[in-house]
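# Topology and contacts: notes
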Amino acid sequence: MAHPFKERLLRAPRLLYAILDAGLCPGEGLVPTGIELLEAGIDLLQLRAKGLPAGEFLKAARQLVPLCQQHGVPFIVNDRLDIALVAGADGVHLGSSDLPYPAARELLGDDLLLGCSTHDLHEIRQAEGVADYLGFGAMFRTKTRSDSRIRGRQALTEAVAATTLPIFAIGGIDAAKLGQLRGCEIAGVAVASALLQGPSRRAAVGRLREALQTLG
C-alpha cells in the first residue's frame, strides 16, 4: 500500500520541506530544533546528518519519529536507508551516488517514501518509476553545498515539464528569492539554511509560507 502522504505531494497548496542539517546546528540541538520546526508548521522534515556518527544519527532519528507522527508530518532520512528502516522513518532521500534507486525501492517496499536528488534530465529519468518525489537544484548559491551546480529557473521549468513526479526546488532558497520561481509548477521547496540560521525558526517558517502562496 502506498504511503498516505504520496497523494498529498500532487496537490496544492505547495509544501514546505524542512531539512534539519546537522552541519547547521549542533548535534545536541537537532531534536529541539526539529520540535521548533514542527510546531511552526512545516509539511515534511528531513534529517541530514553527513559526518555524524551512525549511533548519534540513529538516536536523533528515533527521537524525531514519534514527534513527527504527533504533528502528522512525514519524517525522511537523508542518505542512510538503514537508519531510516531501523528508526521507523516514513522514507529516505537519496542522491545519484547513493544506493541504486531500484534497490532502495525494493528494500523500502511500496509503503515508504523515496525521494531522489536530481540536477538534470538524465538524473530525472533514472529516478522515474521508483521515486515518489524529486529534489531539483541547486536554484541559488547555498551554504550547505558550496560545490553545487546552479541550475536556475529555466532548468527547473524544463525539469517540471519532463516528469509527472512532484518536484521540490532546493538550494539557497529563502522567502526573498521565492518570487523568482513564480509560475513554476513545483510541489514545494526544500529549505535548510533559511530555516536554521535565523533568530526565529517560527518566523522563518511564516515568511516562507507566505512567499509560497504568491507563486501562483
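About the cut-offs
- Residues numbered from 1 in each chain as written.
- Predicted model: local features only at pLDDT ≥ 70, side-chain atom pairs only at ≥ 80, totals over all residues.
- Heavy atoms only, no water.
- Axes fitted to C-alpha atoms, helices over the stretch in contact; angles between N-to-C directions.
- Helix = DSSP H or I, 4+ residues; strand = E, 2+ residues; numbered from the N terminus.
- Parallel < 35°, antiparallel > 145°, perpendicular 65-115°, else oblique.
- Left-handed = near helix turned anticlockwise from the far one by under 90°.
- Contact = heavy atoms within 4.5 Å.
- Pairing = 2+ DSSP bridges.
- Buried < 20%, exposed > 50% of the residue type's maximum accessible area, 1.4 Å probe, protein only.
- Phe/Tyr/Trp six-rings, centres within 6.5 Å; stacked < 30°, edge-to-face > 60°.

### Structural notes on the packing of helix H1 (residues 30–40) against helix H8 (residues 201–213)
At a closest axis distance of 9 Å, the pairing of H1 and H8 adopts a crossing angle of 40 degrees. In terms of their interaxial angle, H1 and H8 are classed as oblique. Crossing handedness for the pair H1 and H8: right-handed. Here Thr33, Glu36, Leu37, Glu39 and Ala40 of H1 come into contact with H8, specifically with Arg201, Arg202 and Val205.

### Examining the sheet that holds strand E6 (residues 133–137)
Strand order in the closed barrel formed by eight strands is E1-E2-E3-E4-E5-E6-E7-E8, with parallel pairing between adjacent strands. Taken over all neighbouring pairs, the strand axes of this sheet differ in orientation by 25 degrees on average, direction set aside. Along the sheet, helix H6 (residues 152–162) contacts E6 and strand E7 (167–170); its crossing angle with E7, the most-contacted strand, is approximately 165 degrees.

### Considerations on unusual backbone geometry
Ala12 connects to Pro13 through a cis peptide bond whose omega is 0 degrees. Within the element layout of this structure, Pro13 appears in the segment before strand E1 (15–21). The linkage connecting Gly137 with the following residue, Ala138, adopts the cis geometry, with an omega of 10 degrees. At Asp79, a residue that is not glycine, the phi angle is positive and equals roughly 70 degrees. Looking at the secondary structure, you find Asp79 in the loop between strand E3 (75–78) and helix H3 (81–87). Residue class for Asp79 comes out partly exposed when judged on its relative accessible area of 23%.

### What to know about the packing of aromatic side chains
On inspection of all chains with the given rule, the structure shows three aromatic pairs. A ring pair is formed by Tyr17 and Phe168, whose centres lie 5.3 Å apart and whose planes are at 85 degrees; its orientation type is edge-to-face. Pair noted here: Tyr17 is in strand E1 and Phe168 is in strand E7, with a separation of 151 residues, a long-range link. Exposure remark for Phe168: the relative accessible area of 1% places this residue in the buried category. With a centroid separation of 5.5 Å and an interplanar angle of 85 degrees, the aromatic rings of Tyr133 and Phe168 are classed as edge-to-face. Taken as a pair, Tyr133 in strand E6 and Phe168 in strand E7 lie far apart in primary sequence, 35 residues in all.

Geometric descriptors of this kind do not, in isolation, establish any biological role.
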